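Structural characterization, general
Each chain is listed here by its residues.
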Amino acid sequence: MKTNYSVTVFMRLDKISKKKKDAPVVIQIYRDGQKTQKRVFRIKPEYWDEENCVVKKSHPNSMEKNYQLKQAVAECEELTFSIIKANNEFGINQIRNNIHQRTSLDFFEYANSYLEKLEKDGNISLYKKDKAIMNKFKIFFEKDCLPINKFSSGLIVKYEQYLLTEKGNCRNTVTTNMKRLSKYVRDIYKNYKLDMSQFPFNDYEMTTEKTQRCPLTAKEISRIANLKLTPINKLCDAREIFLMESYTGIRIGDILTLKWKIIINKDCLL
């Protein structure tokens, strides 16, 4: 996997302080045509070795400053690599949030990125399921941006009540929605090494209710199979998928990904 980025160190001579006459030494991370910077410390320009990117020995605390700079560079390189390794689609915004230890990463931005990956990888069933869950949550929130530090336990409780009362969802549907939201938020916390003690779902209980499903009888399935439908009718395709699921036991998610090339013996379908 290619993880294209670069980490450089230099002094911002354009930011010399008028009062102290010092300038910031910064670490710059470059990724996909964009960049972000992190300041390490400030020193006077005469103490900076521009060629070797280190503090000159003439500085009274040169060893300490150079050690601090070395540690900061190593940390930035490690964090940047871990972010891109976790998801090669992540750009400079995600790197900036992590380097500066920000928690303003947008939940919906991350969700959209993850949904695009699901669709690209051909995980259509989960893609459609998660997209519907995210659309429902976005309608409730009534905004297009949700910083991760605003995704609180209070918001979870309000959304739960919204699903139960206004949407009329059953307890199991509510829990299914919450599990997927929890997964996305947990991924953000893990990828950006946020404090898990602040994870908003820590105290949320995922409860379910036992339900009874009445299976169709052989006679009912036969009636569906013999139902007269025109080939161009979408119900015709839906019926064929349903019958295949009923006769084989293959899950709907797996059926939707079937292709002719994986059929070993096509004669058995004739």
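Above this text is the structure in question.
Let me begin by describing the structure that accompanies this report. Predicted, not measured: the structure shown is a model, and the values here were computed from it.

The rules behind the values
- Residues numbered from 1 in each chain as written.
- Predicted model: local features only at pLDDT ≥ 70, side-chain atom pairs only at ≥ 80, totals over all residues.
- Heavy atoms only, no water.
- Helix = DSSP H or I, 4+ residues; strand = E, 2+ residues; numbered from the N terminus.
- Rg over C-alpha atoms; globule rule 2.2 N^0.38 Å.
- Buried < 20%, exposed > 50% of the residue type's maximum accessible area, 1.4 Å probe, protein only.
- Contact = heavy atoms within 4.5 Å.
- Areas by Shrake-Rupley, 256 points an atom, 1.4 Å probe, with all protein chains shown as cover.
- Disulfide = S-S within 2.5 Å.
- 1 Å grid on protein atoms, 1.4 Å probe; cavity = no way out; pocket = protein on both sides within 12 Å on 5 of 7 lines; lining within 4 Å.
- Points joined across faces, edges and corners; volume = space filled by probe spheres on them.
- Nonpolar A, V, L, I, M, F, W, Y, C, P; charged D, E, K, R; others polar.
- Pairing = 2+ DSSP bridges.
- Axes fitted to C-alpha atoms, helices over the stretch in contact; angles between N-to-C directions.
- Core = buried A, V, L, I, M, F, W, Y, C linked by side-chain atoms within 4.5 Å.

When helices and strands are counted, the chain shows 9 helices and 5 strands. The order of α-helices and β-strands along the chain, N terminus first, is β-β-β-β-β-α-α-α-α-α-α-α-α-α. On C-alpha atoms alone, the chain measures out to a radius of gyration of 28 Å, which is more than a quarter above the 18 Å that the 2.2 N^0.38 rule sets for 270 residues. Taken along the three principal axes of its C-alpha coordinates, the chain extends 95 × 50 × 25 Å. Residues classed as buried in the chain amount to 35% of the 270 residues present. For the chain, the proportion of contacts with a sequence separation of at least 24, taken over those separated by at least 6, is 50%. Of the accessible surface of the chain, which amounts to about 18,400 Å², a share of 50% is contributed by carbon and sulfur atoms.

Another point: the state of the cysteines. Scanning the entire structure with this criterion turns up 0 disulfides. C170 carries a free sulfur, and the closest cysteine sulfur to it, the one in C214, is 15 Å from it. On the accessibility criterion, C170 (42% relative accessible area) is partly exposed.

Mapped onto the elements of the fold, E160 is located in helix α5 (residues 153-166). Along the chain, E160 and M178 lie 18 residues apart, while their C-alpha atoms are 8.2 Å from each other. Once you skip the residues sitting within four places of it in the chain, E160 turns out to touch R171, V174, M178 and Y204.

Picture a little ball the size of a water molecule; that probe, rolled over the atoms, points out where space is still empty. What the second largest pocket holds in volume is close to 160 Å³. Around the second largest pocket, the lining residues are S125, K129, R251, I252, G253 and D254. Contributing elements (two or more residues each) for the lining of the second largest pocket: α4 (124-141) and α9 (252-255). Looking at the lining of the second largest pocket element by element, the count peaks at 3 residues for α9. Of the residues assigned to the lining of the second largest pocket, the class counts are 1 nonpolar, 2 polar and 3 charged.

Attention now goes to the side chain of D130. Within the element layout of this structure, D130 appears in helix α4. Setting aside residues no more than four positions away along its own chain, D130 makes contact with L115, L118, R180 and Y184.

Right, let's talk about the pairing of strand β1 (residues 6-11) for a bit. A regular strand places its side chains so that they alternate between the two faces of the sheet. Side chains V7, V9 and M11 project from β1 onto a buried face, and the interleaved S6, T8 and F10 project onto a face without burial. Looking at chain direction, β1 and strand β2 (residues 23-31) are connected through 6 bridges and run antiparallel. Within β2, the residue paired with V9 across the bridge is I27.

The next point concerns the sheet that holds strand β3 (residues 34-43). In space, the 3 strands of this open sheet follow the order β1-β2-β3, with antiparallel pairing throughout. Pairing within the sheet leaves two strands with one partner each, and these edge strands are β1 and β3. Across the sheet, the mean angle separating the axes of adjacent strands is 20 degrees when strand polarity is ignored.

As a rule of thumb, soluble globular proteins bury nonpolar side chains together. In this structure, F107, F137, F151, L181, Y184 and F201 are the most contacted members of the largest nonpolar core, which totals 57 residues. Those residues in contact with F201, other than ones at most four positions away along the chain, are F151, I156, M178, L181, S182, V185 and M206.

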